[in-house]
Amino acid sequence: MADDTIRPEDEAEIIYIPDDDGNDEAFEVIMRFELDDGTDRKYMMVVPADAEDEEQEVYAFRFDEEDDEIKLYPIESEEEWEIVEETFNTLAAEFGGSEEQ
């Protein structure tokens with residue numbers, strides 16, 4: 001976990017992800033982190049920006065940044081998902097977050 005970022009609520013980062021119909025949906029980035037396993041894989045955790053519920057569904061993506069453009073990739077393997085989930089839960093606990101799945 002070489003690089004981890006949790007932003008204060010007043011500095012929310014919003015990204016737009018197209019849905020199945022091609023409509024952009026707003027998501028708030030709640031965490032970014034990079035595994036320190038030598039792979040340089042970076043991940044972000046997002047929640048729907050318009051969600052008003054106390055409990056929000058958290059989505060995770062692997063991502064690359066190039067020239068201020070973010071490319072998202074789905075997490076496809078169970079092994080990778082377990083690593084991401086464990087890292088997210090550890091960082092959330094460290095920073096006093098209450099995000100749990």
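Residues numbered from 1 in each chain as written. Predicted model: local features only at pLDDT ≥ 70, side-chain atom pairs only at ≥ 80, totals over all residues. Heavy atoms only, no water.

Caption draft 1: Just the overall build of the protein, in detail. The secondary structure content of the protein amounts to one helix and six strands. For the protein, the α and β elements follow one another from N to C terminus as β-β-β-β-β-β-α. Among the 101 residues that make up the protein, the fraction classed as buried is 27%. Taking the contacts inside the protein whose residues are at least 6 apart along the sequence as the reference set, 36% of them involve residues at least 24 apart. (Helix = DSSP H or I, 4+ residues; strand = E, 2+ residues; numbered from the N terminus. Buried < 20%, exposed > 50% of the residue type's maximum accessible area, 1.4 Å probe, protein only. Contact = heavy atoms within 4.5 Å.)

Caption draft 2: Local environment of the pattern of salt bridges. Taken as a whole and assessed by the stated rule, the structure comprises four salt bridges. One salt bridge in this structure joins E80 and R41, with 3.8 Å as the shortest N-O distance. With E80 in helix 1 (residues 78-94) and R41 in the loop between strand 3 (24-34) and strand 4 (42-48), this pair connects stretches of sequence that are 39 residues apart. With a relative accessible area of 11%, E80 lands in the buried category. You can call R41 partly exposed: its relative accessible area is 25%. Taking the shortest distance from any N to any O, the salt bridge between E80 and R62 comes out at 4.0 Å. With a gap of 18 residues between them, E80 in helix 1 and R62 in strand 5 (residues 59-66) connect regions that are remote in the sequence. The class of R62 is partly exposed, set by a relative accessible area of 24%. Three or more residues are tied together by salt bridges with common partners; here these are E13, R32 and E65. (Salt bridge = Lys/Arg side-chain N within 4 Å of Asp/Glu carboxyl O.)

Caption draft 3: Spatial organisation of the side chain of E13. On the secondary structure map, E13 appears in strand 2 (residues 13-18). The exposure class of E13 is buried, given its relative accessible area of 15%. One polar contact links E13 to R32, side chain to side chain, over a distance of 2.5 Å. (Polar contact = N/O pair within 3.5 Å; in protein donor to acceptor, adjacent residues only side chain to side chain.)

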